[in-house]
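# Report on the structure
Below, each chain spelled out in residue letters.
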Amino acid sequence: MTTVKDIYDFLDNMAPFSLQESWDNSGFLVGHESREVTSVFVSLDITENTVQEAAACGAELMVSHHPVIFHPAKTLTDRRLDGDGKILLSLAEHHMAAICCHTNLDSVEGGVSDALAKALGLVRVEQLHQAGVDCYDRPYGIGRIGEPPEPVPVEKFLTLVKEALHPNGLRYVSGSRMVRRVAVGGGACGSMMEDAVRAGCDTFVTSDLKYNDFLSAAALGLNLIDAGHFPTENPVTEVLARWLTEAFPAVKVTKSAVKREVISYA
């Protein structure tokens, strides 16, 4: 029998929760740890829609990247304006547990940034910034550097990004440089732009960039691409699903088919 705790312990080994940032709330957030799990549902986010999707799959456990509880929940109701409370209430009503792997999954080998680099077809991937080693002496740190199989013009690379990540749109500034060495950071990693430049990168793919980030990139001659938060992080759901399938072959693992980029561009 596989329990919620068994899956938590496995994920804690793959992406130790102790590596999460001090402001984060990763971990086992909802449910009974002793409950048997026959079906796991994987999604980048836990929303009302994904809870219903998980329930339709018969899942006893949801595993997500973003924490379902981030700010303190003040109520647990079905009121229209109580978004977080409605999600938590729905989990409770379906007797469903939740484990969330956020910044710990951002930094470990095989995690968010590695999944993004792989989705973009980069080779010779290495760490952009090493923050330390975990309790198993494995290096960890957010961001990766890689190379396309061959140098390409930035215009062609933009097309490759769109085909790989399926964003609803891209924001970018061209440094008018061939794409030879690419830094990536899934999610909001704009603060690592200087790290990318110091590492000799001509291109940086991330999300949630500010206006000043684009100004700085233009001054530095850096190809800077904002491909969106969801598109740059969602590849890691494939990783989570594969990890769980390989570790627990008797457990059904389903990845969300309804979760999509929420931002539209007119």
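Refer to the structure presented above.
Just so it is clear, the structure is predicted and the values come from calculations on it, not from any experiment.

Before going further, it helps to examine the environment of Glu261. Within the fold, Glu261 resides in the segment after β13 (252–255). Overall, the relative accessible area of 13% leaves Glu261 in the buried class. Taking C-alpha positions, Glu261 is 5.7 Å from Phe230, a pair spaced 31 residues apart along the chain. Contact partners of Glu261, with chain neighbours within four places excluded, come to Asn168, Gly228, Phe230 and Pro231.

Next up on the list: unusual backbone geometry. Its identity as a non-glycine residue notwithstanding, His166 has a phi of 55 degrees, on the positive side. In this fold, His166 is placed in the loop between α6 (154–165) and β9 (171–173). Assessed through its relative accessible area of 58%, His166 is described here as exposed. A positive phi angle, close to 55 degrees, is found at Asp208, a residue other than glycine. Along the chain, Asp208 falls in the loop between β11 (203–206) and α8 (211–220). Judged by its relative accessible area of 42%, Asp208 falls in the partly exposed class.

Basis of the calculations
Residues numbered from 1 in each chain as written. Predicted model: local features only at pLDDT ≥ 70, side-chain atom pairs only at ≥ 80, totals over all residues. Heavy atoms only, no water. Helix = DSSP H or I, 4+ residues; strand = E, 2+ residues; numbered from the N terminus. Buried < 20%, exposed > 50% of the residue type's maximum accessible area, 1.4 Å probe, protein only. Contact = heavy atoms within 4.5 Å.

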